[in-house]
Amino acid sequence: MGELTVRAPAKINLHLGVGALREDGYHPLVTVYQAVGLYDDVTARTADDWTLGMTVPDWIGAAAVPPAGENIVDRAADLLAAHHGVARVGEVHIAKDIPMAGGMAGGSADAAAALVALDRLWELGTSDDDLLALAAQLGSDVPFALLGGTALGTGRGELVTPVDDRGTWWWVVVPNEVGLSTPEVYRHFDKMFPDAPSEPVPADALLSAIADGDAWALADALHNDLEAAAIDLRPELGKLIEQGESAGALRGIVSGSGPTVVFLCGSADHARNLAADLSNAGHAVVLAANGPVAGAHLVSYA
């Protein structure tokens, strides 16, 4: 192949249980990921050296995306090349459409897409297990971006087990113009909850709701231990949740470490109507998306 494009989805956390900080500097997690229909595309072309470019919509802002040389795609390429003992070469372009610094794993999606794209471009034939292992070295959310769908994450979130999810869930996504640092949110969580349990809250209720395909049960079971810390740092997030629920959302929740807020809706029409209401209320960017969707996958090649 001389050129190919791989698409990877955004993620939301339907459940995020966070345990107390461990001696190794990590928090144990129990999370349920869902991939939703907001995507970044990574295009890779044959070249004699390495270049990385990107297209970033104004509503995301180029300043929010790490530049070439500091981007997670550079690191993904380095890891894959080192794993196989090959040169890091190629002309790579990222087309962003996932909110950045918003708790939706946009950078992780780019890394996953890059691993798949470069594996094909370089004709390496990396096994699924090896790709997942490389992904885990890049970040806790990267293995899930490879798999997509709905999945249970444990450890630091990098140990991913697919969940049988036959439902179609509809979400309204409201990004924030100002990002929120994930490490800062975790530090604030530690400060607010010094007696957090060593073991995270399990996801049993959430998984049961998914198995039943019941949107109201899912709404009741949505859980995010980082939400209180994110709202304490950014009180407007709590006000947005109240606004969306007053407008008819089944439930609103901060996505991961925030500041993106997602609202569960009962149908596609419900999601479109809620998105219109929030847009009319003055929110600059409001997106509707369904889930679960596929993980990183090839969409074009030549």
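Scroll up to find the structure this text is about.
Every value quoted in this text rests on a predicted model; they were computed, and no experiment measured them.

Criteria and cut-off values
- Throughout, a residue's number is its position along its own chain's written sequence, starting from 1.
- A pLDDT threshold of at least 70 governs which residues receive local features in this predicted model, and a stricter bar of 80 or more applies before side-chain atom pairs are shown or counted, although totals over entire chains, interfaces and linings include all residues.
- Excluding hydrogens and water, the side-chain values take into account all heavy atoms of the structure.
- Secondary structure is summarised from DSSP: a helix means a run of H or I of at least four residues, a strand means a run of E of at least two, and numbering begins at the N terminus for each.
- To sort residues, take the accessible area from a 1.4 Å probe on protein chains only and compare it with the maximum for the residue type: under 20% means buried, over 50% means exposed, and anything in between is partly exposed.
- Only buried residues count toward a nonpolar core. Its members are Ala, Val, Leu, Ile, Met, Phe, Trp, Tyr and Cys residues joined through side-chain atoms within 4.5 Å.
- Residue contacts are defined here by distance: any two heavy atoms, one from each residue, within 4.5 Å place the two residues in contact.
- Each pair of strands is called paired provided DSSP finds at least two bridges between the two strands.
- Angles run from 0 to 180 degrees between N-to-C directions of axes, and those axes are lines fitted to C-alpha atoms, restricted for helices to the stretch in contact.
- For this analysis, a ring pair means two rings from Phe, Tyr or Trp (six-membered ring only for Trp) whose centres lie within 6.5 Å, classed as stacked if their planes differ by under 30 degrees, edge-to-face if by over 60, and tilted for the remaining angles.
- Sitting over a ring, as applied to charges here, requires NZ of Lys or CZ of Arg to be within 6 Å of the ring centre and within 35 degrees of the ring normal.
- In this analysis, the expected span of each helix is defined as 1.5 Å times one less than the number of residues it contains.
- Here a polar contact is taken to be a pair of N or O atoms separated by no more than 3.5 Å, where protein atoms must pair a possible hydrogen donor with a possible acceptor and residues adjacent in sequence count only if both atoms sit in side chains.

K.L.:
A description of unusual backbone geometry should follow, citing residues and the corresponding values.
P.N.:
Look at the link from G258 to P259: it is a cis peptide, with omega at 5 degrees. In this chain, G291 is followed by P292 through a cis amide linkage whose omega measures 0 degrees. Within the secondary structure, P292 sits in the loop between β11 (287-291) and β12 (297-301). Look at A105: it is not a glycine, yet its phi comes out positive at around 60 degrees. Along the polypeptide, A105 turns up in the loop between β4 (90-95) and α2 (106-121). Assessed through its relative accessible area of 15%, A105 is described here as buried. A positive phi angle, near 55 degrees, is found at E123, a position not held by glycine. Take E123: it is sitting in the loop between α2 and α3 (128-138).

K.L.:
Account for the nonpolar core, naming residues and giving values.
P.N.:
Membership of the largest hydrophobic core comes to 64 residues, with the highest contact counts inside it found for L14, L118, W171 and L218. Tallying contributions element by element places α2 first for this core, with 10 residues. Residues within four places of L218 in sequence aside, it is in contact with L14, W169, W171, L206, A209, I210 and L264. Of all hydrophobic cores here, the second largest spans 26 residues; its members include L16, Y186, F189 and V286.

K.L.:
How would you sum up the sheet that holds strand β9 (residues 251-254)? Please name residues and give values.
P.N.:
If you trace the four strands from one edge of the open sheet to the other, you get β9-β10-β7-β11, paired in antiparallel fashion. Strand pairing shows two members of the sheet lacking a second neighbour, β9 and β11, which therefore form its edges. Between one strand axis and the next, the sheet turns by 30 degrees as a mean value, whatever way the strands run. Bridging between strand β7 (residues 169-174) and strand β10 (residues 261-265) involves five bridges; their strand directions are antiparallel. Within the sheet, the bridge partner assigned to W170 lies in β10 and is C265.

K.L.:
Which residues make up the packing of aromatic side chains, and what values do they have?
P.N.:
Counted under the stated rule, the structure contains two aromatic pairs. Look at F189 and F193: their rings are 5.3 Å apart centre to centre, the planes differ by 45 degrees, and that puts the pair in the tilted class. Using a relative accessible area of 33% as the deciding quantity, one classes F193 as partly exposed. The lysine or arginine in question, R7, covers the ring of Y39, its NZ or CZ lying 5.7 Å from the ring centre. Here R156 stacks its cationic end above the ring of Y26, 4.7 Å away from the centre of that ring.

K.L.:
Residues and numbers for the environment of D165, please.
P.N.:
Assignment of secondary structure puts D165 in the loop between β6 (159-162) and β7. For the pair formed by D165 and K191, sequence separation is 26 residues and the distance between their alpha carbons is 36 Å. Leaving out residues up to four positions away in the same chain, D165 has contacts with Q34, T150, I210 and P292.

K.L.:
An account of α2 is needed here, citing residue identities and associated values.
P.N.:
Compared with the 22 Å implied by 1.5 Å per residue over 16 residues, the 22 Å span of α2 between its first and last C-alpha is a close match. Once α2 finishes, E123 follows within two positions and takes phi at roughly 55 degrees, a positive value.

K.L.:
Explain the pairing of β9 to me, using residue names and the numbers behind them.
P.N.:
Taken together, the four bridges between β9 and β10 define a ladder with antiparallel strand orientation. Its bridge partner lying in β10, V254 is registered against V261. With antiparallel pairing between neighbouring strands as the criterion, β9 and β10 make up a hairpin whose turn holds six residues, including G256 at a positive phi of roughly 55 degrees.

K.L.:
Lay out the side chain of R234 in plain terms, naming residues and giving numbers.
P.N.:
Looking at where R234 falls in the secondary structure, it is placed in the loop between α8 (227-233) and α9 (236-246). Among the residues examined, R234 registers a relative accessible area of 11% and is labelled buried. In this structure the side chain of R234 is engaged in a polar contact, spanning 3.0 Å, whose partner is the backbone oxygen of V178. Sequence-distant contacts of R234, defined by excluding residues within four places in its chain, comprise N176, V178, G179, L180 and P259.

K.L.:
Any chance you could break down the pairing of strand β5 (residues 150-154) for me, citing the residues and the numbers?
P.N.:
Two strands pair when backbone bridges link them, and strand β2 (residues 29-45) and β5 are joined in this way by four bridges, in the antiparallel orientation. Following the sheet pairing, Y33 is matched in β5 by A151. Bridge analysis of β5 against β6 gives four bridges, and the strand direction is antiparallel. Paired with G153 across the strands is V160, a residue of β6.

K.L.:
I'd like a rundown of the environment of Y301, residues and numbers included.
P.N.:
Tracing the backbone through its elements, the reader meets Y301 in strand β12. The exposure class of Y301 is exposed, given its relative accessible area of 57%. A sequence separation of 180 residues divides Y301 from L121, and the C-alpha atoms of the two residues are 9.6 Å apart.

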